[in-house]
Amino acid sequence: MNLEKQVKQRIFGLDVVRALAIALVVFSHLYYLTDNQSSLLLSLSGLAGYLGVEIFFVLSGFLIGTILLKQFLKDQFSIRDVLYFLKRRWYRTLPNYYLVLGIVLLIAFFSGFQLSWKVWRYFFFLQNFEQYSITIFVESWSLSVEEWTYFLVPVMLFFVAFLVKSTKKVLFITTVFVFIVLFHFFRYIHFLNDKTTDLNVWGTAIKSVVIYRVDAILYGFVVAWVNYFYTKKLKRLRVYFLIVALHLLFFQYVVMNVLGFNLIKTPLYYQVFYFSLTSITIAMLLPFFVFWEKEEGFIARGTTFVSKISYSIYLLHYSVVLYLLKDLFMQLTYEIPSVLKIIVYLFSTLLLSYFLYRFYEKPMMDLRNDKY
(Lines give C-alpha, C1' and ligand atoms only; values in the text may rest on other atoms or scores of the structure.)
Protein backbone atom coordinates (compact mmCIF):
# COMPACT_ATOMS: atom_id res chain seq x y z
CA MET A 1 0.00 0.00 0.00
CA ASN A 2 1.64 3.26 -1.11
CA LEU A 3 1.70 6.50 0.80
CA GLU A 4 -0.89 8.26 -1.33
CA LYS A 5 -3.47 5.60 -0.57
CA GLN A 6 -2.55 5.67 3.09
CA VAL A 7 -3.16 9.41 3.23
CA LYS A 8 -6.41 9.34 1.28
CA GLN A 9 -8.20 6.43 2.93
CA ARG A 10 -8.75 5.37 6.50
CA ILE A 11 -6.56 2.54 7.77
CA PHE A 12 -8.49 0.25 10.10
CA GLY A 13 -5.39 -0.89 11.95
CA LEU A 14 -4.63 2.66 13.01
CA ASP A 15 -8.23 3.01 14.18
CA VAL A 16 -7.60 -0.04 16.36
CA VAL A 17 -4.48 1.56 17.82
CA ARG A 18 -6.26 4.85 18.48
CA ALA A 19 -9.29 3.13 20.04
CA LEU A 20 -7.01 1.02 22.24
CA ALA A 21 -5.10 4.09 23.39
CA ILE A 22 -8.21 6.02 24.42
CA ALA A 23 -9.68 2.91 26.10
CA LEU A 24 -6.54 2.59 28.22
CA VAL A 25 -6.67 6.28 29.17
CA VAL A 26 -10.36 6.12 30.14
CA PHE A 27 -9.81 2.90 32.12
CA SER A 28 -6.98 4.54 34.04
CA HIS A 29 -9.41 6.96 35.71
CA LEU A 30 -12.20 4.55 36.67
CA TYR A 31 -10.75 4.03 40.15
CA TYR A 32 -11.41 7.71 40.94
CA LEU A 33 -15.07 7.33 40.03
CA THR A 34 -15.61 4.17 42.10
CA ASP A 35 -13.32 5.11 45.03
CA ASN A 36 -11.64 1.73 44.69
CA GLN A 37 -8.25 1.98 46.39
CA SER A 38 -7.04 -1.52 45.57
CA SER A 39 -3.26 -1.39 45.14
CA LEU A 40 -3.52 -3.73 42.13
CA LEU A 41 -6.16 -1.54 40.46
CA LEU A 42 -4.16 1.61 41.14
CA SER A 43 -1.04 0.03 39.64
CA LEU A 44 -2.92 -1.20 36.57
CA SER A 45 -4.60 2.19 36.20
CA GLY A 46 -1.28 4.00 36.30
CA LEU A 47 0.24 1.65 33.73
CA ALA A 48 -2.83 1.82 31.47
CA GLY A 49 -2.89 5.60 31.50
CA TYR A 50 0.83 5.81 30.79
CA LEU A 51 0.71 3.33 27.91
CA GLY A 52 -2.41 4.93 26.45
CA VAL A 53 -0.77 8.34 26.20
CA GLU A 54 2.51 6.89 24.91
CA ILE A 55 0.60 5.05 22.16
CA PHE A 56 -1.07 8.34 21.22
CA PHE A 57 2.35 10.01 21.04
CA VAL A 58 3.90 7.46 18.68
CA LEU A 59 0.75 7.13 16.56
CA SER A 60 0.41 10.90 16.27
CA GLY A 61 4.09 11.13 15.35
CA PHE A 62 3.60 8.59 12.59
CA LEU A 63 0.54 10.33 11.11
CA ILE A 64 1.78 13.90 11.38
CA GLY A 65 5.32 12.87 10.56
CA THR A 66 4.08 11.34 7.30
CA ILE A 67 2.35 14.59 6.35
CA LEU A 68 5.37 16.70 7.30
CA LEU A 69 7.77 14.37 5.47
CA LYS A 70 5.79 14.70 2.24
CA GLN A 71 5.89 18.48 2.49
CA PHE A 72 9.58 18.50 3.38
CA LEU A 73 10.48 16.42 0.33
CA LYS A 74 9.09 19.05 -2.02
CA ASP A 75 11.66 20.99 -4.06
CA GLN A 76 11.31 24.04 -1.82
CA PHE A 77 10.42 23.60 1.83
CA SER A 78 9.73 27.27 2.43
CA ILE A 79 8.40 29.21 5.40
CA ARG A 80 5.09 29.18 3.56
CA ASP A 81 5.09 25.38 3.73
CA VAL A 82 5.83 25.54 7.44
CA LEU A 83 2.93 27.94 8.03
CA TYR A 84 0.65 25.79 5.88
CA PHE A 85 1.50 22.76 7.99
CA LEU A 86 1.01 24.65 11.26
CA LYS A 87 -2.31 26.16 10.20
CA ARG A 88 -3.73 22.78 9.23
CA ARG A 89 -2.46 21.28 12.48
CA TRP A 90 -3.91 24.10 14.59
CA TYR A 91 -7.30 23.90 12.88
CA ARG A 92 -7.34 20.24 13.89
CA THR A 93 -6.41 20.64 17.55
CA LEU A 94 -6.92 24.16 18.86
CA PRO A 95 -10.70 24.72 18.46
CA ASN A 96 -11.56 21.66 20.54
CA TYR A 97 -8.84 22.40 23.06
CA TYR A 98 -9.86 26.01 23.70
CA LEU A 99 -13.55 25.14 23.89
CA VAL A 100 -12.99 22.44 26.49
CA LEU A 101 -10.46 24.61 28.34
CA GLY A 102 -13.16 27.26 28.62
CA ILE A 103 -15.61 24.67 29.97
CA VAL A 104 -13.07 23.44 32.50
CA LEU A 105 -12.37 26.99 33.67
CA LEU A 106 -16.09 27.61 34.13
CA ILE A 107 -16.47 24.38 36.11
CA ALA A 108 -13.50 25.34 38.28
CA PHE A 109 -14.89 28.83 38.86
CA PHE A 110 -18.39 27.72 39.83
CA SER A 111 -16.96 24.92 41.98
CA GLY A 112 -15.13 27.49 44.06
CA PHE A 113 -11.70 26.36 42.91
CA GLN A 114 -9.03 28.97 43.51
CA LEU A 115 -7.55 29.58 40.07
CA SER A 116 -3.89 30.57 39.95
CA TRP A 117 -2.69 33.57 37.94
CA LYS A 118 -0.67 31.01 35.98
CA VAL A 119 -3.85 29.92 34.21
CA TRP A 120 -2.74 32.06 31.24
CA ARG A 121 -0.09 29.44 30.53
CA TYR A 122 -2.80 27.02 29.37
CA PHE A 123 -3.61 29.26 26.42
CA PHE A 124 -0.04 28.95 25.10
CA PHE A 125 0.60 25.33 26.14
CA LEU A 126 3.12 26.51 28.73
CA GLN A 127 1.47 24.88 31.76
CA ASN A 128 4.11 22.13 31.67
CA PHE A 129 6.74 23.43 29.28
CA GLU A 130 9.79 23.56 31.55
CA GLN A 131 8.10 22.66 34.81
CA TYR A 132 4.78 21.19 35.86
CA SER A 133 2.36 23.92 36.97
CA ILE A 134 -0.94 22.17 36.13
CA THR A 135 -3.70 22.55 38.68
CA ILE A 136 -6.74 21.89 36.49
CA PHE A 137 -7.29 20.11 33.18
CA VAL A 138 -4.56 17.64 34.09
CA GLU A 139 -4.83 15.67 30.84
CA SER A 140 -3.72 18.77 28.92
CA TRP A 141 -0.07 17.94 29.67
CA SER A 142 0.17 15.59 26.70
CA LEU A 143 -1.41 18.14 24.37
CA SER A 144 1.36 20.59 25.26
CA VAL A 145 3.97 17.97 24.35
CA GLU A 146 2.30 17.44 20.97
CA GLU A 147 1.77 21.10 20.11
CA TRP A 148 5.35 22.05 20.91
CA THR A 149 6.69 19.07 18.97
CA TYR A 150 4.71 20.01 15.87
CA PHE A 151 5.93 23.58 16.14
CA LEU A 152 9.61 22.92 16.84
CA VAL A 153 10.24 20.14 14.32
CA PRO A 154 8.99 21.85 11.12
CA VAL A 155 10.73 25.10 12.08
CA MET A 156 13.97 23.22 12.68
CA LEU A 157 13.58 21.32 9.40
CA PHE A 158 13.17 24.63 7.59
CA PHE A 159 16.45 25.98 8.98
CA VAL A 160 18.28 22.71 8.42
CA ALA A 161 17.15 22.56 4.78
CA PHE A 162 18.24 26.18 4.33
CA LEU A 163 21.65 25.81 5.94
CA VAL A 164 22.73 22.25 5.11
CA LYS A 165 23.21 21.00 1.59
CA SER A 166 22.26 17.35 1.59
CA THR A 167 19.46 15.11 0.38
CA LYS A 168 16.08 15.74 2.01
CA LYS A 169 15.83 12.04 2.84
CA VAL A 170 18.97 12.20 4.98
CA LEU A 171 18.24 15.63 6.45
CA PHE A 172 14.82 14.59 7.73
CA ILE A 173 15.87 11.45 9.57
CA THR A 174 19.09 13.06 10.83
CA THR A 175 17.17 16.00 12.28
CA VAL A 176 14.75 13.62 13.98
CA PHE A 177 17.55 11.58 15.54
CA VAL A 178 19.38 14.71 16.69
CA PHE A 179 16.19 15.81 18.43
CA ILE A 180 15.78 12.39 20.04
CA VAL A 181 19.34 12.53 21.40
CA LEU A 182 18.85 16.13 22.54
CA PHE A 183 15.81 15.36 24.68
CA HIS A 184 17.58 12.35 26.19
CA PHE A 185 20.34 14.79 27.12
CA PHE A 186 17.79 17.10 28.78
CA ARG A 187 16.50 14.19 30.86
CA TYR A 188 20.06 13.22 31.75
CA ILE A 189 20.81 16.77 32.95
CA HIS A 190 17.67 16.60 35.10
CA PHE A 191 18.85 13.25 36.47
CA LEU A 192 22.21 14.73 37.45
CA ASN A 193 20.60 17.65 39.26
CA ASP A 194 17.53 16.04 40.82
CA LYS A 195 17.62 12.52 42.24
CA THR A 196 13.88 11.93 42.20
CA THR A 197 12.84 8.94 44.32
CA ASP A 198 9.07 9.48 44.48
CA LEU A 199 6.89 8.17 41.66
CA ASN A 200 4.42 11.03 41.98
CA VAL A 201 7.23 13.56 41.62
CA TRP A 202 8.64 11.53 38.71
CA GLY A 203 5.22 11.67 37.04
CA THR A 204 5.00 15.45 37.21
CA ALA A 205 8.60 16.61 37.15
CA ILE A 206 9.77 14.40 34.26
CA LYS A 207 7.06 12.32 32.61
CA SER A 208 4.69 15.24 32.07
CA VAL A 209 7.09 18.05 31.14
CA VAL A 210 7.48 19.11 27.51
CA ILE A 211 11.25 19.58 27.43
CA TYR A 212 11.75 16.00 28.62
CA ARG A 213 9.15 14.25 26.44
CA VAL A 214 9.23 15.51 22.84
CA ASP A 215 11.25 12.50 21.72
CA ALA A 216 8.29 10.19 22.45
CA ILE A 217 6.51 11.58 19.40
CA LEU A 218 9.63 11.54 17.24
CA TYR A 219 9.80 7.74 17.27
CA GLY A 220 6.59 7.93 15.25
CA PHE A 221 8.46 10.15 12.78
CA VAL A 222 11.05 7.40 12.41
CA VAL A 223 8.34 4.88 11.53
CA ALA A 224 6.86 7.38 9.04
CA TRP A 225 10.26 7.79 7.36
CA VAL A 226 10.87 4.03 7.15
CA ASN A 227 7.34 3.48 5.84
CA TYR A 228 7.80 6.11 3.14
CA PHE A 229 11.14 4.96 1.80
CA TYR A 230 11.08 1.24 2.62
CA THR A 231 7.40 0.31 2.46
CA LYS A 232 7.84 -3.18 1.02
CA LYS A 233 10.53 -4.17 3.51
CA LEU A 234 8.51 -2.82 6.44
CA LYS A 235 5.42 -4.72 5.30
CA ARG A 236 7.42 -7.93 4.96
CA LEU A 237 8.93 -7.55 8.44
CA ARG A 238 5.84 -6.25 10.28
CA VAL A 239 5.04 -9.57 12.00
CA TYR A 240 8.64 -9.97 13.17
CA PHE A 241 8.57 -6.45 14.60
CA LEU A 242 5.29 -7.30 16.34
CA ILE A 243 6.80 -10.39 17.96
CA VAL A 244 9.87 -8.47 19.15
CA ALA A 245 7.69 -5.64 20.47
CA LEU A 246 5.49 -8.04 22.48
CA HIS A 247 8.61 -9.55 24.02
CA LEU A 248 9.89 -6.07 24.86
CA LEU A 249 6.59 -5.24 26.57
CA PHE A 250 6.88 -8.38 28.68
CA PHE A 251 10.53 -7.62 29.41
CA GLN A 252 9.93 -4.01 30.48
CA TYR A 253 6.84 -4.52 32.62
CA VAL A 254 7.36 -8.02 34.01
CA VAL A 255 10.98 -9.16 33.82
CA MET A 256 12.52 -5.83 34.81
CA ASN A 257 10.15 -5.55 37.77
CA VAL A 258 11.11 -9.05 38.92
CA LEU A 259 14.77 -8.11 38.55
CA GLY A 260 14.21 -5.17 40.88
CA PHE A 261 14.32 -2.23 38.50
CA ASN A 262 12.69 0.75 40.20
CA LEU A 263 13.09 4.48 40.67
CA ILE A 264 15.28 4.10 43.75
CA LYS A 265 17.60 1.28 42.64
CA THR A 266 17.89 2.21 38.98
CA PRO A 267 17.20 5.96 38.77
CA LEU A 268 19.15 6.51 35.55
CA TYR A 269 16.95 4.03 33.71
CA TYR A 270 13.69 5.42 35.09
CA GLN A 271 14.55 9.06 34.59
CA VAL A 272 16.23 8.83 31.19
CA PHE A 273 15.60 5.57 29.33
CA TYR A 274 12.30 4.21 30.65
CA PHE A 275 10.30 6.36 28.23
CA SER A 276 12.61 5.50 25.35
CA LEU A 277 12.09 1.76 25.73
CA THR A 278 8.33 2.23 25.79
CA SER A 279 8.37 4.43 22.68
CA ILE A 280 10.64 2.04 20.77
CA THR A 281 8.36 -0.86 21.67
CA ILE A 282 5.25 0.96 20.45
CA ALA A 283 7.05 2.06 17.30
CA MET A 284 7.86 -1.58 16.56
CA LEU A 285 4.23 -2.57 17.13
CA LEU A 286 2.91 0.08 14.76
CA PRO A 287 3.86 -1.40 11.34
CA PHE A 288 1.61 -4.42 11.92
CA PHE A 289 -1.36 -2.08 12.24
CA VAL A 290 -0.27 0.28 9.46
CA PHE A 291 -0.81 -2.50 6.93
CA TRP A 292 -4.11 -3.72 8.44
CA GLU A 293 -6.09 -1.84 5.84
CA LYS A 294 -9.74 -2.83 6.15
CA GLU A 295 -12.17 -4.77 8.30
CA GLU A 296 -15.93 -5.26 8.19
CA GLY A 297 -18.60 -5.90 10.78
CA PHE A 298 -20.17 -4.39 13.86
CA ILE A 299 -17.01 -4.47 15.98
CA ALA A 300 -15.02 -2.83 13.20
CA ARG A 301 -17.60 -0.05 12.86
CA GLY A 302 -17.59 0.47 16.63
CA THR A 303 -13.80 0.63 16.67
CA THR A 304 -13.77 3.22 13.89
CA PHE A 305 -16.44 5.25 15.69
CA VAL A 306 -14.42 5.36 18.91
CA SER A 307 -11.30 6.22 16.92
CA LYS A 308 -12.99 9.15 15.21
CA ILE A 309 -14.18 10.70 18.46
CA SER A 310 -11.06 9.80 20.47
CA TYR A 311 -9.74 13.36 20.62
CA SER A 312 -13.06 14.61 21.98
CA ILE A 313 -13.12 11.70 24.45
CA TYR A 314 -9.65 12.58 25.64
CA LEU A 315 -10.58 16.20 26.26
CA LEU A 316 -13.89 15.53 27.98
CA HIS A 317 -13.60 12.24 29.84
CA TYR A 318 -11.77 13.36 32.98
CA SER A 319 -11.88 17.05 33.81
CA VAL A 320 -15.45 17.48 32.56
CA VAL A 321 -17.48 14.26 32.60
CA LEU A 322 -15.75 12.41 35.43
CA TYR A 323 -15.53 15.48 37.65
CA LEU A 324 -19.20 16.39 37.21
CA LEU A 325 -20.44 12.83 37.71
CA LYS A 326 -18.24 12.35 40.77
CA ASP A 327 -19.71 15.52 42.26
CA LEU A 328 -23.25 14.37 41.41
CA PHE A 329 -22.77 10.92 42.94
CA MET A 330 -21.36 12.44 46.14
CA GLN A 331 -24.43 14.61 46.57
CA LEU A 332 -26.87 11.71 46.33
CA THR A 333 -28.30 10.40 49.59
CA TYR A 334 -28.03 6.77 48.48
CA GLU A 335 -25.19 4.69 47.19
CA ILE A 336 -25.04 3.72 43.55
CA PRO A 337 -23.33 0.42 42.62
CA SER A 338 -19.91 0.89 41.06
CA VAL A 339 -20.92 -0.98 37.91
CA LEU A 340 -23.81 1.42 37.34
CA LYS A 341 -21.53 4.40 37.91
CA ILE A 342 -19.14 3.09 35.27
CA ILE A 343 -21.96 2.48 32.78
CA VAL A 344 -23.33 6.00 33.28
CA TYR A 345 -19.85 7.44 32.97
CA LEU A 346 -18.95 5.60 29.78
CA PHE A 347 -22.30 6.35 28.15
CA SER A 348 -22.08 10.05 29.10
CA THR A 349 -18.51 10.29 27.83
CA LEU A 350 -19.31 8.66 24.49
CA LEU A 351 -22.47 10.70 23.98
CA LEU A 352 -20.94 14.09 24.82
CA SER A 353 -17.80 13.26 22.82
CA TYR A 354 -19.90 12.36 19.81
CA PHE A 355 -21.79 15.66 20.04
CA LEU A 356 -18.52 17.58 20.35
CA TYR A 357 -17.08 15.75 17.36
CA ARG A 358 -20.20 15.93 15.20
CA PHE A 359 -21.16 19.55 15.78
CA TYR A 360 -17.84 21.24 16.45
CA GLU A 361 -14.69 19.23 15.78
CA LYS A 362 -15.71 17.87 12.37
CA PRO A 363 -17.10 21.21 11.09
CA MET A 364 -13.80 22.81 12.05
CA MET A 365 -11.89 20.15 10.14
CA ASP A 366 -14.18 20.63 7.15
CA LEU A 367 -13.50 24.36 7.33
CA ARG A 368 -9.78 23.63 7.40
CA ASN A 369 -10.07 21.44 4.33
CA ASP A 370 -12.00 24.18 2.50
CA LYS A 371 -9.43 26.85 3.36
CA TYR A 372 -6.22 24.86 3.07
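Basis of the calculations
Residues numbered from 1 in each chain as written. Predicted model: local features only at pLDDT ≥ 70, side-chain atom pairs only at ≥ 80, totals over all residues. Heavy atoms only, no water. Salt bridge = Lys/Arg side-chain N within 4 Å of Asp/Glu carboxyl O. Buried < 20%, exposed > 50% of the residue type's maximum accessible area, 1.4 Å probe, protein only. Axes fitted to C-alpha atoms, helices over the stretch in contact; angles between N-to-C directions. Helix = DSSP H or I, 4+ residues; strand = E, 2+ residues; numbered from the N terminus. Parallel < 35°, antiparallel > 145°, perpendicular 65-115°, else oblique. Left-handed = near helix turned anticlockwise from the far one by under 90°. Contact = heavy atoms within 4.5 Å. Nonpolar A, V, L, I, M, F, W, Y, C, P; charged D, E, K, R; others polar. pLDDT = per-residue confidence, 0-100.

Section: the pattern of salt bridges
- Scanning all chains against the criterion turns up 12 salt bridges.
- One salt bridge connects D15 with R10, and the closest N-O pair in it is separated by 2.9 Å.
- According to the relative accessible area criterion, D15 is buried, its value standing at 2%.
- With a shortest N-O distance of 3.2 Å, K74 and D81 are connected by a salt bridge.

Examining the packing of helix 7 (residues 168–193) against helix 12 (residues 267–290)
- Across the interface, helix 7 lies against helix 12 with an axial gap of 9 Å and an inter-helix angle of 160°. By the angle between their directions, the pair helix 7 and helix 12 is classed as roughly antiparallel. You can see that helix 7 and helix 12 cross each other, and the crossing is right-handed. Of the residues in helix 12, those touching helix 7 at H184, R187, Y188, H190 and F191 are P267, L268, Q271, V272, F273, F275 and S276.
- Taken together, the residues that form the contact of helix 7 with helix 12 break down as 7 nonpolar, 4 polar and 1 charged.

A look at the confidence of the model for the chain
- Per-residue confidence for the chain gives a mean pLDDT of 94, with 98% of residues at or over 70.
- Contacts of residues 1–7 to residues separated by more than four positions or lying in other chains number 15 contacts, the stretch itself having pLDDT below 50.

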